[in-house]
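Chain by chain, the residues:
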Amino acid sequence: MNTIQLKTAIPGPKSKALAERRNSAVPRGLSHGTPVYVAKAENAWLEDVDGNRYIDFAGGIGCLNIGHRREPVITALRQQLENFLHTCVQVTPYENYIRLAERMNQITPGDFPRKHCS
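Now for a quick tour of the structure.

A short note on the packing of aromatic side chains
Across all of its chains, the model carries two aromatic pairs by this definition. Through a chain of ring-to-ring contacts, three or more aromatic side chains come together here, namely Phe84, Tyr94 and Tyr97. When the ring centre of Phe112 is taken as origin, the NZ or CZ atom of Arg114, which lies over that ring, is 5.5 Å away.

Regarding the side chain of Asn52
Mapped onto the elements of the fold, Asn52 is located in the loop between strand 2 (45-48) and strand 3 (53-55). A relative accessible area of 0% places Asn52 in the buried class. One polar contact links the side chain of Asn52 to the main-chain amide nitrogen of Lys7, over a distance of 2.5 Å. Non-local contacts of Asn52, meaning those with residues more than four positions away in its chain, are made with Gln5, Leu6, Lys7, Thr8, Ala9, Ile10, Leu46 and Glu47.

Let's talk about the side chain of His68
When you line up the elements, His68 lands in the loop between helix 2 (63-66) and helix 3 (71-81). A relative accessible area of 12% means that His68 is categorised as buried. Only 2.6 Å separates the side chain of His68 from the side chain of Asp56, close enough to count as a polar contact.

Things to note about the pattern of salt bridges
This model, assessed by the stated rule, comprises three salt bridges. A salt bridge links Arg53 to Glu47; the shortest N-O distance between them is 3.1 Å. Salt-bridge contacts for Glu71 lead to Arg78; the nearest nitrogen and oxygen are separated by 3.9 Å. Under the relative-accessibility criterion, Glu71 is labelled partly exposed at 48%. On the basis of relative accessibility, which here comes to 53%, the residue Arg78 falls in the exposed class.

Parameters at a glance
- Residues numbered from 1 in each chain as written.
- Predicted model: local features only at pLDDT ≥ 70, side-chain atom pairs only at ≥ 80, totals over all residues.
- Heavy atoms only, no water.
- Phe/Tyr/Trp six-rings, centres within 6.5 Å; stacked < 30°, edge-to-face > 60°.
- Lys NZ or Arg CZ within 6 Å of the ring centre and 35° of its normal.
- Helix = DSSP H or I, 4+ residues; strand = E, 2+ residues; numbered from the N terminus.
- Buried < 20%, exposed > 50% of the residue type's maximum accessible area, 1.4 Å probe, protein only.
- Polar contact = N/O pair within 3.5 Å; in protein donor to acceptor, adjacent residues only side chain to side chain.
- Contact = heavy atoms within 4.5 Å.
- Salt bridge = Lys/Arg side-chain N within 4 Å of Asp/Glu carboxyl O.

Written as structure tokens, this is what we have:
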């Protein structure tokens with residue numbers, strides 16, 4: 001996935017079909033910014049269900065900074081999955097959360113006490 005490529009009108013027929021299903025199943029209060037439905041993403045690229053490719057200028061939480069499906073992130077996810085996927089740190093805390101806060105405190109500039117939560 002390395003170039004912008006449009007194979008259909010925007011939105012394409014598959015995105016239109018998903019939009020119809022969405023209108024029947026999802027409340028209008030949950031808005032979205034584009035009329036296309038993503039099928040695949042890699043680095044800074046998105047490909048919709050109709051095969052159209054775009055640069056991802058909006059990125060989901062976490063993806064905007066590092067890109068989609070980056071190998072170091074996939075490796076870290078696989079390692080984490082061996083232990084657990086996710087817990088709410090306010091209910092059941094875990095060491096990696098503390099380790100991240102310590103690292104953020106360490107690299108944040110300034111001469112003052114620092115604490116981080118993410």
